[in-house]
Amino acid sequence: EVQLVESGGGLVQPGRSLRLSCTASGFTFGDSAMNWFRQAPGKGLEWVGIIRREASGGTTDYAASVKGRFIISRDDSKSIAYLQMNSLKTEDTAVYYCVRGGGGIFAFDYWGQGTLVTVSS
Amino acid sequence: QTVVIQEPSLTVSPGGTVTLTCASSSGAVTSGHYPNWFQQKPGQVPRALIYSTNNKHSWTPVRFSGSLLGGKAALTLSGVQPEDEADYYCLLYCGAAELWVFGGGTKLTVL
């Protein structure tokens, strides 16, 4: 059974940093691209970024709203994807979801349960 | 930056058929946008339904189908069930400056 479990969320002050983790199980982690999505309270969904599998270069892409502040990385030996969030702003307050790229080309299939990040002084 | 546009809300009767659409401010939506559709019920994690325009995941009910319709991506629900009441989001591959862009979501009411 595919499982994605996010951790690391919490309350953080504006301008500070936070790192989220996504621990995967039930599939060969190294074979999948991993994405981060987010959802602000009462709002819609937003794609945050992607890290491709090492076989595809392990490259990353980011939404314009987080580019230069957020960094996605992966440790295939531990089946963990990370989202390093720097220079946090109040508008980064959201539930952050880890989502597997899979099920087909340009597809997303399994979602984690999400972790809440609150940026507030 | 591309804006993806969905109907804010739709209402359908149980057993009926409804089509949700997804348009792009940059022009017609094509298969090259690899439209994805997601369902989110209140208080729940989003669930993937459709990828690459019209492909279903193994768990996607048969009554859900995806297509391109009049320059838009479309999600059609045939034989709507009460449990289909949810928010539905489309996601388009826009490449370039912003790889993937979500629509604002459609709140579907089954009444």
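Scroll up a little and you will see the structure.
What you see is a predicted model, and the numbers here were worked out from it, not measured in a lab. (Residues numbered from 1 in each chain as written. Chains lettered and ligands numbered in written order. Predicted model: local features only at pLDDT ≥ 70, side-chain atom pairs only at ≥ 80, totals over all residues. Heavy atoms only, no water.)

(A) Fine view of unusual backbone geometry. The backbone phi angle of Ser87 of chain A is positive, close to 45°, even though this residue is not glycine. Mapped onto the secondary structure, Ser87 of chain A falls in the loop between strand 8 (80–85) and strand 9 (94–101). Notably, Thr53 of chain B is not glycine yet its phi reads approximately 75°, a positive angle. One can find Thr53 of chain B in the loop between strand 5 (47–51) and strand 6 (55–56). Relative accessible area serves as the criterion here: at 9%, Thr53 of chain B is assigned to the buried category. (Helix = DSSP H or I, 4+ residues; strand = E, 2+ residues; numbered from the N terminus. Buried < 20%, exposed > 50% of the residue type's maximum accessible area, 1.4 Å probe, protein only.)

(B) Focus on the packing of aromatic side chains. All told, the structure shown has 17 aromatic pairs over all chains when counted by the stated rule. Ring pairing ties together the aromatic residues Phe37, Tyr97, Phe106, Phe108 and Trp111 of chain A together with Tyr34, Phe38, Tyr89, Tyr93, Trp100 and Phe102 of chain B, which thus form one cluster. Arg74 of chain A extends its terminal NZ or CZ atom over the ring of Phe29 of chain A, reaching a point 4.7 Å from the ring centre. The side chain of Arg100 of chain A reaches across the aromatic face of Phe27 of chain A, ending 4.7 Å from its centre. (Phe/Tyr/Trp six-rings, centres within 6.5 Å; stacked < 30°, edge-to-face > 60°. Lys NZ or Arg CZ within 6 Å of the ring centre and 35° of its normal.)

(C) Region of interest: the pattern of salt bridges. Following the criterion strictly, the structure yields eight salt bridges over all chains and no others. Two residues, Glu46 of chain A and Arg38 of chain A, come together in a salt bridge whose shortest N-O distance is 2.7 Å. With relative accessibility at 26%, the residue Glu46 of chain A sits in the partly exposed group. Residue Arg63 of chain B pairs with Glu83 of chain B through a salt bridge whose shortest N-O separation is 4.0 Å. (Salt bridge = Lys/Arg side-chain N within 4 Å of Asp/Glu carboxyl O.)

(D) A look at the pairing of strand 4 (residues 36–40) of chain B. Residues and elements named next belong to chain B. Counting buried positions along strand 4 yields five of five residues, so the element is predominantly enclosed. Side chains of strand 4 alternate between two faces, with Asn36, Phe38 and Gln40 and Trp37 and Gln39 buried alike. Relative to strand 9 (residues 86–93), strand 4 runs antiparallel, the two sharing five bridges. Considered in strand 9, the bridge of Gln39 is made with Tyr88. Where strand 4 and strand 5 come together, three bridges link them in antiparallel fashion. (Pairing = 2+ DSSP bridges.)

(E) Up close: the interface of chain B and chain A. Residue-level contacts link 20 residues of chain B with 26 residues of chain A. Both sides together, the interface formed by chain B and chain A hides about 1800 Å², and carbon and sulfur atoms give 67% of it. The tally of links between chain B and chain A comes to zero salt bridges. The tally of links between chain B and chain A comes to four residue pairs in polar contact (both at pLDDT 80 or more). Mapped by element, the contributors of at least two residues to the side of chain B that touches chain A are strand 4, strand 5, strand 9 and strand 10 (100–102) of chain B. Residue classes in the side of chain B that touches chain A are distributed as 14 nonpolar, five polar and one charged. (Contact = heavy atoms within 4.5 Å. Buried area = accessible area lost by both parts, 1.4 Å probe. Polar contact = N/O pair within 3.5 Å; in protein donor to acceptor, adjacent residues only side chain to side chain. Nonpolar A, V, L, I, M, F, W, Y, C, P; charged D, E, K, R; others polar.)

(F) Structural context of the state of the cysteines. Summed over all chains, the structure comprises two disulfides over all chains. At a sulfur-sulfur separation of 2.0 Å, the disulfide partner of Cys22 of chain A is Cys98 of chain A. Looking along the S-S bond of the Cys22 of chain A-Cys98 of chain A disulfide, the torsion reads about -65°, which is the left-handed sense. Here Cys22 of chain A, found in strand 3 (residues 18–25), pairs with Cys98 of chain A, found in strand 9; they are 76 residues apart in sequence, far enough to count as distant. Assigned by exposure class, Cys22 of chain A and Cys98 of chain A land together as buried. Residue Cys22 of chain B pairs covalently with Cys90 of chain B via a disulfide, S to S 2.1 Å. Here the disulfide of Cys22 of chain B and Cys90 of chain B is right-handed, its torsion about the S-S bond being about 70°. (Disulfide = S-S within 2.5 Å.)

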